[in-house]
Structures are given as structure tokens and as C-alpha cells.
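# Coordinate inspection notes
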Amino acid sequence: MSGRRRSRGQLALAVALATCALALGLGGGSAPAGAAIPGGIVDRYLTRRPAVGPVTVVHIEGATGGERLLAATLQGIVNRTTARVYLVGARPPAEDQYWLDHYAADGLITVVADVDLAGALTAFASEAAGYVVASEAEPWTINTATTAAAALGGVVVTPDLIGLAQSHGLTQLDDHRGRWPDAATAYEGAAATYRAALPYQGLAIEQPTQHAPRDLFVQQGIMAVYTRPSAPDYDRVYALLDAYPPGHPVYGYISDTGVEEVQALVRLAQADRFLVPTDGNDNLSFHLAVGADRPRRRVDPPSTAGTAPCTTDQVNVVLAITDGDNLALPAGVYTRGGYWPSGQRGTLPMGWSIGESASVLMPAIWDHFAASATPNDEIVGMMGVGYGLPSLMPHGASVLADGFTLDQELGVASHWSLDALLSDPGAPSWTMVQAAIGASGHRPRTFLLNYADFGGPNWFVRPDGMAVLESRQVSYDDGPAQVAAQVQALVDLPPAQRPLVTFLPLTVWRVSYDGIVAAMAPFSAQGVRFLTPAQAAACLPAPPPTTSTSTTVPVPVVTPAFTG
């Protein structure tokens, strides 16, 4: 499971160093040539990408839900032409400020004003066609009004803010109160009225109480709906999605429980669809513009020279942080002090998952991580174009190939999939993976599988040399103490019973980088070897050579004789 749980970053020096590194194109050595993301892949995500203009910072710390809704939809309208509005306070203000400071220090933006919501309306209300009224008492109207605002070029207001909107010269475009008896009927009505005016060929599934990503929906022209697999209107709402062509991500989020997550993912996959989790992201209409006029920063090649072969005389462990397909990680969680800005970063080899979609939707944020990674920080591509199950997709090889193309362009050596149907080394779905490698011309060095332990081998090596590491995490809810217990269990095993290498995902909502460094320090002192995913691939045995023959024979795969 990807498991978005609702419980689910030194700063002055870090900014100064990052500024110098980015300005010079450096990241601990000579920078690799810049990456150009193919236009066909970009078009999966975006209908427009504006240039950056003079920036007005709008402070909404402490704002009501209605005020956040108005601010986000106004931002989406303004940022259609040029990206000029940046909100602080839709997420924890320190996270918003982190990127504002980084962009300014790197010369990517020029801030010309700091205002509140009223000041933003004074500056920009003339760019909106008017307002659409929604009511929190009829929550579906929040989404239908967002859809109407995207189609009509307006903003959304709740009844208590009509006076504020009118005082800034805005007039009513529509009023969605009292129009529909339930959510599904409302979404069907909104689709019938507005779909032809919306350029994006897909949906956003967004909780009506969450407003952070609505700037993206309005800017890109995305219809907003809400349902869950356990809801009685699930089939009716997903029928609206079925009317769109496949190939574009669903934005927002699709579930509240692990069971719902699997149900929704399967349904999406069967229609060649995938998810880009954005339900908690703000400022995407701005982030997608910053740095987009320059090539993407490629990740430095993983440091594997001199990696000694793995033996069972030593405990070999790979740690990697989960959930990077959720763009709230690179944009928010990773900026917190115990993660990327940590003074300890680089002391413990670590895989940092980041969805490749970040290179399109948050290009300068991607560049920041790629440029500032140490040799012990491996950027791991999280699921390619988005969160999906290619094994169940009618055209899964094509979807996976676009992900591998992104990995190749971005210099990403390790790819992380949650496609559990690949857990068996002999699974038919590996034919799809091989087809994707052939179509993209790129083979990941390391292929990480799953968050949970689905019973396959700890590791195996494909005939083409790609190392596959399967999760041995006991529970998605494990914290540092539970991870330490698993490592201790490996230490306690006789060498003859140990796997050559063990992959332990670290659930980002439970484990910080600083927290796991502290928990693993005693094991490092005992001689446990921690490896990045690419280093682990370098330590495993090579597959046996294949022999050309005119007769079809089973393809050899190197696997361990035990699962550990």
C-alpha cells in the first residue's frame, strides 16, 4: 500500500550552500548534463505551463476554510497567464516559506509584495470573471463550484465572503446552493454543464474540506469530484472518469483506508489510469512554472565504485523512505528539520523516494534535491508516471516505459514499484517489465518492490542484470524501534541463515531521517553494513550468462535459496 495517512528544512547556511550549488549547476561534483522531459510525457500532466512573473506573496495563516478556498481559486486564475501568486499558510507556513526562500535566493523569482487575502483581491480581482457561490453545508458544491470556476475563469466564495468579493468588484457567475440533492447528482450535473469547457482530460478526487490543491485544478481546468470505494455513489462518480480518455493522472487522492486504496487502484489500473497524490499540496500552479524554462538537473550517478560483494558473514541492509509519489513529501515533509535539512544527512546511506512526476509538476524542487544529494543519498524514482498497478493495465508496458524514460532522463538508477504481482520472480508480469525496458531503452539498476512483505525472495537478479529487492517491512506502521528490532533479528541469525541483503522500507509518516540515524547507530558500530539501493545491486552476484539458441528455454534468474 502507498498508505497516505492523514496523521495523515543550519537553514541560512543550507540555503546559501544550495544557492551556490544550483547557480553553478553543482551537486558535490561536476553536474551531469541537464535532462529534457519529453513533451508527450509532460502533456500527460499539464494543459498549460505559464512563465514566472513578479511574485505577490499572499499570507493566509489562520484563515478560515472559506478564505483558503477563495485564495486558492484566485491563485489558480492569476497563475494561468503568468505565475505571480504564492500562498503562505495553506500548509505549515515553514514549508511554504522554505521554497519561497530557496527560489528567491537562487534568483528564480522576484517578490514584489506581501499581502493578505484582501490585498490579493485588491491586486488581482480584475483578472477573475466573477464568483461562484458554494456552501460547506452542501459539501459537493465546493467541488462543483471549483469546476465551474475552472470553466468560467472565476473564483469560489462561501456565503460569508460574498460581501468581500463584491467589495472588490466581483459579480456572481453562478450559485450552486440548493441545486442538487446529493454529491453524485451534483457531479453529473457539473460534468454535463462544464466538461466541454475544461481542457484537462481527467478528474481530481478531492475532499471538499481540503482546499490546498485547488489552485492547480482551476489553473489547469480540471473537474473536481469526491467519492470513496466504500461510498454508495462510487460507481456513479467513477463513471464520470470513465468518460475521459486514459493516460492522464487522477489528481487528489482516492481512499481513506488500505482496503479502499487497493480497490480504487485496481479500478484505475483496469482502465489504464494512475494517481498522482496531490490532495495536500498547495502552490502547485506556481511550482510547476518555476525553473521550467531550463533543463532538469540530473541526479549524480550513484556511488558504487569499490562496493564489496555482499556475504552472509555481514548483515547488509537497504533503507529507503516511502511514499515519495505523494508530492507533499518533496514539497513539504522532506523540508522539515529531521529530514533533508538535517545536519546528519549523508552519514547513513538512504534511499529517498521522489515521484518522477515532481520533475514536471515541481521542476525546481526536483532540481534542489538532485543537486544537493550526498553520495549516500540516493534519489529513488517512485513508480514512474504515477501511483498505479501496471500489471493490471491493458497497456501497462507503455505506462511503465514512460516511467523508465523519466528515470533515464533524470539520471535515476533505482525504481520503486508497489506492483505486488511482480513479487514472484517467475510472474508473467515480468514480461511487461521487459517490454517497458525495450520500449524506453532504459533498465533500472535496482528495482525495489512493495512496502509490505508479500512473501517473495529477499532479492533476485534478472537475466539482464537488474537487481530486485523485495520489502521485508513487517508493518506499514513500524517506527524506528520496530526497524531496529528487525535489524537485531538479522544480527542474531547464524550467517548460514541470513539473506545476502535485506530491504526495509521506512514509512515516512512514522520515521524521520534523524530518528532512524539514532536507531541504526548501534548497529553501524557493530559492523552492520547499510547500503543505498544501487550499492546493494553492485554487491549482489551477477546472473549466469545466457546462451543463444533457436530453442525456447527457461531464462535463468539468480535467487537466494532462502527468504530470511
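Residues numbered from 1 in each chain as written. Predicted model: local features only at pLDDT ≥ 70, side-chain atom pairs only at ≥ 80, totals over all residues. Heavy atoms only, no water.

## A few points about the overall build of the chain
Put simply, the test is: Where helices and strands are cited, they refer to DSSP runs of H or I of at least four residues and of E of at least two residues respectively, numbered from the N terminus. Two things to know: the radius of gyration comes from C-alpha atoms, and the globule rule equals 2.2 Å times the number of residues to the power 0.38. All accessible areas in this document rest on Shrake-Rupley with a 1.4 Å probe, and a residue is counted as covered only by the protein chains that are shown. In summary, the charge assignment counts Lys and Arg as positive and Asp and Glu as negative, without counting His or the chain termini. The location of each charge is read from NZ of Lys, CZ of Arg, CG of Asp or CD of Glu.
A tally of helices and strands in the chain yields 20 helices and 19 strands. Scaling as 2.2 N^0.38, a compact globule of 564 residues should have a C-alpha radius of gyration of about 24 Å, and the chain matches this with 24 Å. Taken along its principal axes, the extent of the C-alpha atoms in the chain is 75 × 50 × 40 Å. When the accessible surface of the chain is totalled, it reaches about 19100 Å², and 57% of it is carbon and sulfur. Put simply, the chain has 32 plus and 49 minus side-chain charges, and the middle of one group is 3 Å from the middle of the other.

## Concerning the packing of aromatic side chains
To keep things clear, this is the line we draw: Stacked, edge-to-face and tilted labels apply to pairs of Phe, Tyr and Trp rings (six-membered ring for Trp) whose centres lie within 6.5 Å, assigned for plane angles under 30 degrees, over 60, and everything in between, in that order. Classification of residues uses two cut-offs on accessible area relative to the type maximum, computed with a 1.4 Å probe and protein chains only: under 20% is buried, over 50% is exposed, and between them is partly exposed.
If you walk through the whole model with that rule in mind, you get 18 aromatic pairs. Ring geometry for Tyr-334 versus Trp-352: centroids 5.2 Å apart, planes at 90°, classification edge-to-face. Here Tyr-334 is found in the loop between helix H13 (328–331) and strand E12 (350–354), whereas its partner Trp-352 is found in strand E12, with 18 residues between them in sequence. Note on accessibility: Tyr-334 and Trp-352 belong to one class, buried. Centroid distance Trp-340 to Trp-352: 4.9 Å. Interplanar angle 80°. Geometry classified as edge-to-face. Of the two residues, Trp-340 sits in the loop between H13 and E12 while Trp-352 sits in strand E12, which places them 12 residues apart along the sequence. Of the residues examined, Trp-340 reaches a relative accessible area of 3% and is grouped as buried. We classify Trp-352 as buried; its relative accessible area is 0%. Ring-pair connections join several aromatic residues into one group, and the members of that group are Tyr-86, Tyr-98, Trp-99, Tyr-103, Phe-286, Tyr-334, Tyr-339, Trp-340, Trp-352, Phe-369 and Tyr-513.

## Some thoughts on the environment of Ser-357
Condition: Throughout, a residue-residue contact means that at least one pair of heavy atoms, one from each residue, lies within 4.5 Å.
Tracing the backbone shows Ser-357 in the loop between E12 and helix H14 (358–361). Considering only alpha carbons, one finds Ser-357 and Met-223, 134 residues apart in sequence, at a separation of 20 Å. Among all residues touching Ser-357, those that are not within four sequence positions of it are Tyr-45, Val-276, Leu-327, Gly-384 and Val-385.

## Describing the pattern of salt bridges
How we decide: In what follows, salt bridge is the name for a side-chain nitrogen of Lys or Arg lying within 4 Å of a carboxyl oxygen of Asp or Glu.
Across all of its chains, the model carries 16 salt bridges by this definition. Of the charged contacts in the structure, one is a salt bridge between Arg-267 and Asp-235, with a shortest N-O distance of 2.5 Å. One end of the pair, Arg-267, is in helix H11 (residues 258–270); the other, Asp-235, is in helix H10 (residues 234–242), and 32 residues separate them in sequence. The class for Asp-235 is exposed, based on a relative accessible area of 51%. For Asp-377, the salt bridge is made with Arg-345, and the minimal N-O distance between the two is 2.6 Å. Taken together, the positions of Asp-377 in strand E13 (residues 377–382) and Arg-345 in the loop between H13 and E12 put the pair 32 residues apart, joining distant regions of the chain. Each member of the pair, Asp-377 as well as Arg-345, carries the same accessibility label: buried. The network of salt bridges with common partners includes Asp-106, Arg-294, Arg-296 and Asp-367.

## Description of the nonpolar core
What counts, and what does not: Here, nonpolar core means buried Ala, Val, Leu, Ile, Met, Phe, Trp, Tyr and Cys residues that are tied together by side-chain atoms lying within 4.5 Å of each other.
In this structure, Tyr-45, Met-223, Tyr-251, Ile-254, Leu-319, Ile-516 and Met-520 are the most contacted members of the largest nonpolar core, which totals 166 residues. Of the residues forming this core, the biggest block, seven residues, is contributed by helix H6 (residues 140–152). Ignoring sequence-local partners within four residues, the contact set of Tyr-45 consists of Tyr-200, Pro-249, Tyr-251, Val-276, Ser-357, Val-360, Leu-361, Gly-384, Val-385 and Leu-406. With 15 residues, the next largest nonpolar core counts Ala-401, Phe-404, Leu-449 and Val-468 among its residues.

## Some points on unusual backbone geometry
Not every positive phi belongs to a glycine, and Asn-283 is a case in point at roughly 65°. When its relative accessible area of 0% is taken as the criterion, Asn-283 is described as buried. Positioned with a positive phi, Met-383 is a non-glycine residue whose angle comes to about 70°. Tracing the sequence through the fold places Met-383 in the loop between E13 and helix H16 (396–410).

## A short note on the sheet that holds strand E1 (residues 51–59)
Filter applied, for reference: Note: two strands are recorded as paired if DSSP finds a minimum of 2 bridges between them. Between the N-to-C directions of two axes lies an angle of 0 to 180 degrees, each axis being a line fitted to C-alpha atoms and, for a helix, fitted only over the stretch in contact.
In space, the three strands of this open sheet follow the order E2-E1-E3, with parallel pairing throughout. The strands lining the two open edges of the sheet, one partner per strand, are strand E2 (82–88) and strand E3 (111–115). Sheet twist, expressed as the average angle between the axes of neighbouring strands with direction ignored, equals 25°. On the sheet, helix H4 (residues 93–105) packs against E1, E2 and E3 and is oriented at approximately 145° with respect to E2.

## What about the sheet that holds strand E6 (residues 172–175)?
The strand order E5-E4-E6 describes an open sheet built from three strands, whose pairing is parallel. Strands at the two margins of the open sheet, each flanked by one partner only, are strand E5 (155–157) and E6. Neighbour-to-neighbour, the strand axes of this sheet turn through a mean angle of 30°, independent of strand direction. The pairing of strand E4 (residues 131–133) with E6 spans three bridges and is classified as parallel. Note that in E6 the partner of Tyr-131 across the bridge is Gln-172.

## Digging into the packing of H4 against helix H15 (residues 363–372)
Our working definition: Each angle is binned into one of four classes, with values under 35 degrees roughly parallel, values over 145 roughly antiparallel, values of 65 to 115 roughly perpendicular, and all other values oblique. Gly is put with the polar residues, along with every residue not named as nonpolar or charged; the nonpolar set is Ala, Val, Leu, Ile, Met, Phe, Trp, Tyr, Cys and Pro, and the charged set is Asp, Glu, Lys and Arg.
The contact between H4 and H15 brings their axes to 11 Å, and the two run at 80°. It follows that H4 is roughly perpendicular to H15 by the angle criterion. Residue-level contacts link Tyr-98, Trp-99, His-102 and Tyr-103 of H4 to Ala-364, Ile-365, His-368 and Phe-369 of H15. Classifying every residue of the contact of H4 with H15 gives six nonpolar, two polar and no charged.

## Here's the deal with helix H3 (residues 65–78)
Quick reminder of the rule: What a helix is expected to span follows from its residue count: subtract one and scale by 1.5 Å.
Under the 1.5 Å per step criterion, the end-to-end length of H3 is 20 Å for 14 residues, consistent within 8% with the ideal 20 Å. Summarising burial for H3: 11 of the 14 residues are buried, a large majority.

## Re the pairing of E1
Applicable threshold: Think of it like this: strands point away, you trace from the first strand over the helix to the second, and a clockwise trace means the crossover is right-handed.
Judged from the six bridges that link them, E1 and E2 form a sheet pairing that is parallel. Paired with Val-57 across the two strands is Tyr-86, which belongs to E2. In this view, the connection linking E1 to its parallel neighbour E2 by way of H3 has right-handed handedness. As defined by bridge partners, E1 adjoins E3 across four bridges and the pair is classed as parallel. Bridge pairing links Val-58 to Val-115 in E3.

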